[in-house]
Amino acid sequence: MIFLKTVRCNGMLFGPFNSFSQRRWKKPVVSGQTRLETRTKDLKLDKLMTCINKLKTILDIHQLMSQRKRGPFVSLQLMSRWRNIVGLNVGMGAFLHKYPHLFELFEHPFRRNLCCKITQRMRSLIDEEEKVVKEYEPELVQKIKKLLMMSRNGTLHVHALRLIRRELGLPEDFRDSILGLYSKDFRLVDLEIVELVDSNETLAKAEVEKWREKEFIDKWLSEFETSYAFPVNFPAGFKIERGYREKLKNWQRLPYLKPYESKEVLRVRTCGGTERFEKRAVGIIHELLSLTIEKMLEVDRLAHFRKDFAIEVNVRELLLKHPGIFYIYPKGSTQTVFLREAYSKGCLAMPNPIYVVRRKMLDLILLGCRNTRSMEDLEEIKEERNVPVFRTDGGGKIDGDWIIPILESYDQKQMGEAK
């Protein structure tokens, strides 16, 4: 027999079964915060989101400047009061000096104070975006109809649409210019709820279905493998743990209620109900991101569609469970989710007209303080080289005839020296 001895020291017991000496190992808790901290970063999307945040700040400043009715310029002293409104962590003057291609600083001719206005290049891009949005109006109507078709009762709150207005590409007055104008498609209920009047069954097809059809045809995969699958693209450096591939393969085959199918009641307690319920939420968020201009959306604003789309789950944890489908950018005051399949090398794989204009704005931000005057001079030189050197005037003379005798005399002199 083995006798275990317990020693008493100063009224404290020490032994193998004592709580002071035996500490039980606890399994680390895996939560949304731990997944967010240990996620594999995508440096290209992080860099893109940094530029997009700067563009949002610049457009907010332009919005505040456009509200001033005295003129197209605002004094820098007044703009310094907007620092907390737009969320700057540096001085307003230092921020404006960083982007001379977007803001023009000058001294007022009478008051002698420093003023600021939007440059002509930035103003032309803002006007171009408004023009493209107007031409893009039929597609915007279809987007709103698809969102209403995904909802539980065919209704959505106008406030929720207003929160993602820029992401969808809607104009500022979309409530009157789109919802009120297209009365055959939409009806306003209680002023803040929009209801679908006429649904179009041809629109009841998710964007992911196009990818599934392509995979079925191009790769000759079975319908069992592609009917409920999603495109998965892990970031560089992602570590695949043991058993993860098998879990992902089973999840890809799991059937679920698709976004535009009949809204049946899904019982979570049934066999596989939890996984199917979460996969349906993944499908709806995937479709919502596919309808946006830049295939990205703030996570907090997704919460405003939970009840209307019947996806009452923890959205952030759901997104972090699928790093091959979604990517979360956590820096800043808000978290933004990207649709990974839509991006390639930090750019949108299939750009649309509104995205092209916004990309030009990002290019101006990337220029920073660099002067492009030398680049413009080079372009002018190239254009001049393509133009004929000699031109004829009305009298039949050719410009440049005066230099021909000089060249001939120079050639004769060189030949004389050679002899």
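Up top is the structure.
Conventions used here
Within any chain, residue numbers begin from 1 and follow the written order of that chain's sequence. The predicted origin of the model limits local features to residues at a pLDDT of at least 70 and limits the giving and counting of side-chain atom pairs to 80 or more, whereas totals for whole chains, interfaces and linings rest on all residues. For side-chain calculations, the full set of non-hydrogen atoms in the structure is used, while hydrogens and water are omitted. By nonpolar core we mean a set of buried residues, namely Ala, Val, Leu, Ile, Met, Phe, Trp, Tyr and Cys, connected to one another through side-chain atoms within 4.5 Å. When accessible area is computed with a 1.4 Å probe and restricted to protein chains, residues below 20% of their type maximum are described as buried, those above 50% as exposed, and intermediate ones as partly exposed. Counting from the N terminus, the helices are DSSP H or I runs at least four residues long and the strands are E runs at least two residues long. The definition of a polar contact used here is a pair of N or O atoms within 3.5 Å, where within protein one atom must be able to donate a hydrogen and the other to accept one, and adjacent residues in sequence count solely through side-chain atom pairs. Contacts between residues were defined by any pair of non-hydrogen atoms, one from each residue, lying within 4.5 Å. Nonpolar side chains (Val, Leu, Ile, Met, Phe, Trp, Tyr) are joined into patches within 5 Å and like charges within 9 Å, using only residues with over 30% relative accessible area and no salt bridge. Per-residue and other accessible areas were derived by the Shrake-Rupley procedure at a 1.4 Å probe size, with only the shown protein chains allowed to occlude residues. The term salt bridge refers to a side-chain nitrogen of Lys or Arg lying within 4 Å of a carboxyl oxygen of Asp or Glu. As used throughout, the charge tally considers Lys and Arg to be positive and Asp and Glu to be negative, leaving His and the chain termini uncounted. By convention, the point assigned to a charge is CZ for Arg, NZ for Lys, CD for Glu and CG for Asp. Under the pairing criterion, centres of Phe, Tyr and Trp rings, with the six-membered ring standing for Trp, must be within 6.5 Å; the plane angle then separates stacked pairs below 30 degrees from edge-to-face pairs above 60, leaving the rest tilted. Only when the NZ atom of a Lys or the CZ atom of an Arg is both within 6 Å of the ring centre and within 35 degrees of the ring normal do we say a charge sits over the ring.

1. Observations concerning the nonpolar core
Logical step 1: Within the largest apolar cluster, 98 residues are counted, with the highest numbers of intra-cluster contacts made by Phe103 and Met122.
Logical step 2: Residue contributions to this core peak at eleven residues, all from helix 2 (residues 43–66).

2. Concerning the side chain of Ser290
Logical step 1: Looking at where Ser290 falls in the secondary structure, it is placed in helix 14 (residues 273–290).
Logical step 2: Side-chain polar atoms of Ser290 contact the backbone oxygen of His286, separated by 2.8 Å.
Logical step 3: With residues up to four places along the chain from it excluded, the contact list for Ser290 reads Glu207, Lys295 and Leu339.

3. Considerations on a negative patch on the surface
Logical step 1: A grouping of Asp127, Glu130, Glu172 and Asp173 is seen on the molecular surface, where their side chains present a negatively charged patch.
Logical step 2: Mapped onto the elements, Asp173 comes out in the loop between helix 9 (165–168) and helix 10 (174–179).

4. Regarding the packing of aromatic side chains
Logical step 1: Applying the stated criterion to the full structure yields ten aromatic pairs.
Logical step 2: Ring centres 5.8 Å apart and planes at 65 degrees place the aromatic pair Tyr228 and Tyr256 in the edge-to-face group. Here the residue Tyr228 occupies a position in the loop between helix 12 (223–226) and helix 13 (244–253), and Tyr256 occupies one in the loop between helix 13 and helix 14, the gap between them amounting to 28 residues.
Logical step 3: Residue class for Tyr228 comes out partly exposed when judged on its relative accessible area of 25%.
Logical step 4: Tyr256 gets classed as buried once you look at its relative accessible area, which sits at 5%.
Logical step 5: Ring centres of Phe234 and Phe238 lie 4.5 Å apart, and the angle between their planes is 5 degrees; on these two criteria the pair is classed as stacked.
Logical step 6: Since its relative accessible area comes to 23%, Phe234 is described here as partly exposed.
Logical step 7: What makes Phe238 partly exposed here is its relative accessible area of 23%.
Logical step 8: A network of ring pairs unites the aromatic residues Tyr228, Phe230, Trp251 and Tyr256 as a single cluster.
Logical step 9: When the ring centre of Phe106 is taken as reference, the NZ or CZ atom of Lys117 above it lies at 5.6 Å.

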